[in-house]
Amino acid sequence: MLADTSTRPTGVPAPASPAARRPHDDSPDTAALFARLAELDHGAQRDALRDALVTAWLPMAHRIAGRFRDRGEAVEDLRQVAAIGLIKAVDHFDPSQGTAFESYAVPTITGEVKRHFRDHTWAMHVPRRVQDLRNKVRLARYELLNTPGSHEPTVADLAAHAGLTEDDVTAGLEALDSFSTLSLDLDLSPGTDSADSLSIADTLTAPDTSYDVVIDRESAKEGLRRLPERERTILYLRFFEDMTQTRIAEQLGISQMHVSRIISRSCARIREEALHPHPGDLPAHWHRSQTENAGL
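Bear in mind the structure is a predicted one, so any value in this text is a computation, not a measurement.

Caption draft 1: Local environment of the packing of helix 6 (residues 155–162) against helix 7 (residues 166–175). Helix 7 packs onto helix 6 with a crossing angle of 105 degrees between their chain directions and a minimal axis gap of 9 Å. Taken together, helix 6 and helix 7 sit at an angle that is classed as roughly perpendicular. For the pair formed by helix 6 and helix 7, the contact residues are V155, A156, L158 and A159 on the first element and E166, V169, T170 and L173 on the second. Residues belonging to the contact of helix 6 with helix 7 are distributed by class as follows: 6 nonpolar, 1 polar and 1 charged.

Next comes the structure, spelled out in C-alpha cells:
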C-alpha cells in the first residue's frame, strides 16, 4: 500500500499538482532518500520511506503506461502494471552503483508493461519463441513497407530482411492474428435466413468414425478367442471371406439354418461380453489403476 501525504518522511518531495507540472516533469530528486533507504533495516520506518518514494515517482510510471494506451488494454490496468514495475525498481535499485534512479526505473517499468502484453493479452497460448518471431516479422514488414517504391513484402522478402527462415516468417505471420479468437457459432453468412446460415462450426470436419471401428474390434477380441473353433471358423468365413451362409453350410456339411443360428448366437455372446466384460477379461493396467484409486 502506498503511503499518503500525511506519512511522507521529511525531505520527500510532494508530487506536483497537475496544473503546475510541466510535460515530463516527473523526475524528483530523491538520490539522498534512496541512500537512506539502503541503510535502513526492514521495519515500519523503511516501509514508509519506500512507499513515499513510490508515490513520488508514480507520475513517471503513469507516463510510461500512457505510451501503450492504444494497444487494446484499459489505461487504468496499464497504470497498475506500471506501478508494479515501479515498486520492483524501487526495491532493487542500488544507489551505490552510481546511476540515476530514472535510468534504472524506465527500462524496468517498460519491461513490466511489455511482459503484461506478452503474457496476459493473448486469447490463446502462444510460445515465447513464436511471440518473438511475431515481433521480428512485424518490424521487418513495417521497415519494408516504409522504403521508397515499396510493395507488400512476400514471405521470402521478410525472411531475407529479418534474417529468418521462411518457416519462421510463416509462424510469425500466423501469430500476428493470435491476439483474439472467434466463436464457433460466428455466422459466416450474415443477413441470410437462419435456416440457411453457416457458422464456423459447420465448416469443421466430422468426427472420424474409423476410431469407433477400432474400439469395437478391440472389445470383441477376447470374446472371439473364447468361441469354439467351429464357431470362429464360421464367423471368419462369413465376415472376413464374405461367404454366404449357403456356401458355408456346403463347405462344413451342415444346414444353412444351422449356420444362421450359430452366427446369431455367437454374435450375441460376443456383444454381451464386450458390453459387460468380466474382471478377468480386463487388461492388467486397468486392475492396477483401480487398486491405486482405492488406496490399496
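Caption draft 2: Local environment of the packing of helix 11 (residues 245–252) against helix 12 (residues 256–275). Between helix 11 and helix 12, the shortest axis-to-axis distance is 8 Å and the interhelical angle comes to 110 degrees. Classed by the angle they form, the pair helix 11 and helix 12 counts as roughly perpendicular. Facing helix 11, whose interface residues are Q245, T246, I248 and A249, helix 12 presents Q256, V259, S260 and I263. Its residues assigned to classes, the contact of helix 11 with helix 12 shows 4 nonpolar, 4 polar and no charged.

Caption draft 3: Up close: the packing of aromatic side chains. Considering all chains together, one arrives at 6 aromatic pairs under this definition. For the ring pair F34 and F93, a centre distance of 5.0 Å and an interplane angle of 75 degrees mean the geometry is edge-to-face. One end of the pair, F34, is in helix 1 (residues 31–39); the other, F93, is in the loop between helix 3 (75–92) and helix 4 (101–120), with 59 residues separating them in the sequence. What makes F34 buried here is its relative accessible area of 2%. By way of ring pairs, the aromatic residues F34, W57, F93, F101 and Y104 are connected into one cluster.

Caption draft 4: Inspection of a nonpolar patch on the surface at higher detail. Taken together, the side chains of L186, L188 and L198 present a nonpolar region at the surface, about 240 Å² in accessible area. Counting through the fold element by element, L188 comes out in the loop between helix 7 and helix 8 (200–203).

Caption draft 5: Focus on helix 9 (residues 210–226). The first and last C-alpha atoms of helix 9 sit 26 Å apart over 17 residues, in line with the 24 Å expected at 1.5 Å per residue. Of all the bends in helix 9, the largest measures some 35 degrees and sits at A220.

Reading the values: rules and limits
- Residues numbered from 1 in each chain as written.
- Predicted model: local features only at pLDDT ≥ 70, side-chain atom pairs only at ≥ 80, totals over all residues.
- Heavy atoms only, no water.
- Axes fitted to C-alpha atoms, helices over the stretch in contact; angles between N-to-C directions.
- Helix = DSSP H or I, 4+ residues; strand = E, 2+ residues; numbered from the N terminus.
- Parallel < 35°, antiparallel > 145°, perpendicular 65-115°, else oblique.
- Contact = heavy atoms within 4.5 Å.
- Nonpolar A, V, L, I, M, F, W, Y, C, P; charged D, E, K, R; others polar.
- Phe/Tyr/Trp six-rings, centres within 6.5 Å; stacked < 30°, edge-to-face > 60°.
- Buried < 20%, exposed > 50% of the residue type's maximum accessible area, 1.4 Å probe, protein only.
- Patch = residues over 30% accessible without salt bridge, like charges linked within 9 Å, V, L, I, M, F, W, Y side chains within 5 Å.
- Areas by Shrake-Rupley, 256 points an atom, 1.4 Å probe, with all protein chains shown as cover.
- Salt bridge = Lys/Arg side-chain N within 4 Å of Asp/Glu carboxyl O.
- Expected span 1.5 Å × (residues − 1).
- Bend = angle between axes of the 7 residues up to and from the residue.

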